[in-house]
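Single-letter residue listing:
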Amino acid sequence: MNKDIEKICLRKKTIAAGVRRAAHWLDQQLCGCAKTPLFIAVLKGSVIFFCDLVRAMKTPVQMSFMTVSSYGSGTESSGVPKITTDLSVDVAGRDVVLIEDIVDSGHTLLALKTFFEQRGVTSFRTVTLLDKPSRRKIPINADYSCFKIGDEFIVGYGLDYNEMHRTLPYIGILKKDIHIGTK
Ligand code: PRP
């Protein structure tokens, strides 16, 4: 285990099973779509989940990417998500599925839902790997969430602290002495 990790909360096998369940749910949801669904990864945190998820699905999908940032180098959301890299495709008339790594305060999800509805999508679904309901400031949920977690500072499988630990194959709780004073 990495030296900065206090405890593993989701092992590689547990995550893989959650990804398969989400892929199955999406295959069922999207089977009636007239056009190929467009999957959008919210970078950077969702990138590893996104790649595993689309490859676990039977439905062919198109992929696109956007960057939204609200945390900077801290651990608390600023409440003002900023789209720092916009999409390179027109989403009007598309069945869009937005893939997130975590829903925390809900600010990012609300901002993105509003953004996509204003751009005239045919349908809009959201899937998150992790849900931290105890931290919610906006009453919003993803349409599908793989795992609910408590109010711990977690890293791995795409999630970072100061851009570190995204490549860990598991999700673990960061030791307090690493991030203390920043929350
Ligand atoms: C994280 C995460 C979500 C958002 C959720 O992004 O990827 O997009 O915060 O938080 P919220 O529900 O409080 O809005 P972050 O800004 O840390 O960027 P990253 O994905 O590049 O790590």
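To be clear, the structure that these remarks concern was listed above.
Since this is a predicted model, take the numbers as computed values, not measurements.

1. With respect to the sheet that holds strand 9 (residues 171-174)
- Spatial strand order, 1-9-8: 3 strands in an open sheet with antiparallel pairing. Edge positions in the open sheet fall to strand 1 (5-10) and strand 8 (154-155), since each of these has one partner strand only.
- Examined bridge by bridge, strand 8 and strand 9 share 2 bridges and lie antiparallel to one another. For Ile154, the partnering residue across the bridge sits in strand 9 and is Ile173.

2. So, the sheet that holds strand 5 (residues 95-103)
- The strand order across the open sheet formed by 6 strands is 4-3-2-5-6-7, and the pairing between neighbours is mixed. Here the strands that pair on one side only, and so sit at the sheet edges, are strand 4 (82-85) and strand 7 (144-148). Sheet twist, expressed as the mean angle between neighbouring strand axes with direction ignored, is 25 degrees.
- Helix-sheet contacts for helix 3 (residues 107-118) involve strand 2 (38-43), strand 3 (62-69), strand 4, strand 5 and strand 6 (123-131), and the interaxial angle to strand 5 is about 170 degrees.

3. A closer look at the packing of helix 1 (residues 12-30) against helix 2 (residues 47-56)
- Packing of helix 1 against helix 2 brings their axes to within 8 Å, and their N-to-C directions diverge by 55 degrees. Between helix 1 and helix 2, the angle falls in the class oblique. Here helix 1 runs over helix 2; the crossing is right-handed. In contact with Val19, Ala22, Ala23 and Leu26 of helix 1, helix 2 contributes Phe49, Asp52, Leu53 and Ala56.

4. Some details on the pairing of strand 6
- Among the 9 residues in strand 6, 9 count as buried, and that is most of the element.
- Relative to strand 6, strand 5 runs parallel, the two being bridged by 8 bridges. The residue of strand 6 that forms the bridge with Val96 is Phe124.

5. A closer look at unusual backbone geometry
- The residue after Leu43, namely Lys44, is reached through a cis peptide bond having omega 0 degrees.
- Its place among the elements puts Lys44 in the loop between strand 2 and helix 2.
- The phi angle at Tyr157 is positive, at roughly 50 degrees, despite the residue not being glycine.
- Mapped onto the secondary structure, Tyr157 falls in the loop between strand 8 and strand 9.

6. Thoughts on the environment of Asn162
- Here Asn162 shows up in the loop between strand 8 and strand 9.
- For the pair Asn162 and Lys44, spaced 118 residues apart in sequence, the C-alpha to C-alpha distance is 12 Å.

7. Looking at the site of the ligand
- Lining the immediate environment of the ligand, one finds 18 residues, of which Glu100, Asp101, Asp104, Ser105 and Thr108 sit closest.
- In the model, an oxygen atom of the ligand is placed 2.9 Å from a nitrogen or oxygen of the Gly45 main chain.
- Taking 500 Å² as the accessible area of the ligand by itself, protein coverage stands at 93%.
- Elements with a minimum of two residues in the shell around the ligand: strand 5 and helix 3.
- Among the elements that make up the shell around the ligand, the one with the highest residue count is strand 5 (4 residues).
- Within the shell around the ligand, the residues separate by chemical class into 4 nonpolar, 8 polar and 6 charged.

What counts, and at which threshold
- Residues numbered from 1 in each chain as written.
- Predicted model: local features only at pLDDT ≥ 70, side-chain atom pairs only at ≥ 80, totals over all residues.
- Heavy atoms only, no water.
- Pairing = 2+ DSSP bridges.
- Helix = DSSP H or I, 4+ residues; strand = E, 2+ residues; numbered from the N terminus.
- Axes fitted to C-alpha atoms, helices over the stretch in contact; angles between N-to-C directions.
- Contact = heavy atoms within 4.5 Å.
- Parallel < 35°, antiparallel > 145°, perpendicular 65-115°, else oblique.
- Left-handed = near helix turned anticlockwise from the far one by under 90°.
- Buried < 20%, exposed > 50% of the residue type's maximum accessible area, 1.4 Å probe, protein only.
- Near = heavy atom within 4 Å.
- Polar contact = N/O pair within 3.5 Å; in protein donor to acceptor, adjacent residues only side chain to side chain.
- Areas by Shrake-Rupley, 256 points an atom, 1.4 Å probe, with all protein chains shown as cover.
- Nonpolar A, V, L, I, M, F, W, Y, C, P; charged D, E, K, R; others polar.

Interpretation note: all reported values are geometric properties and have no functional meaning in isolation.
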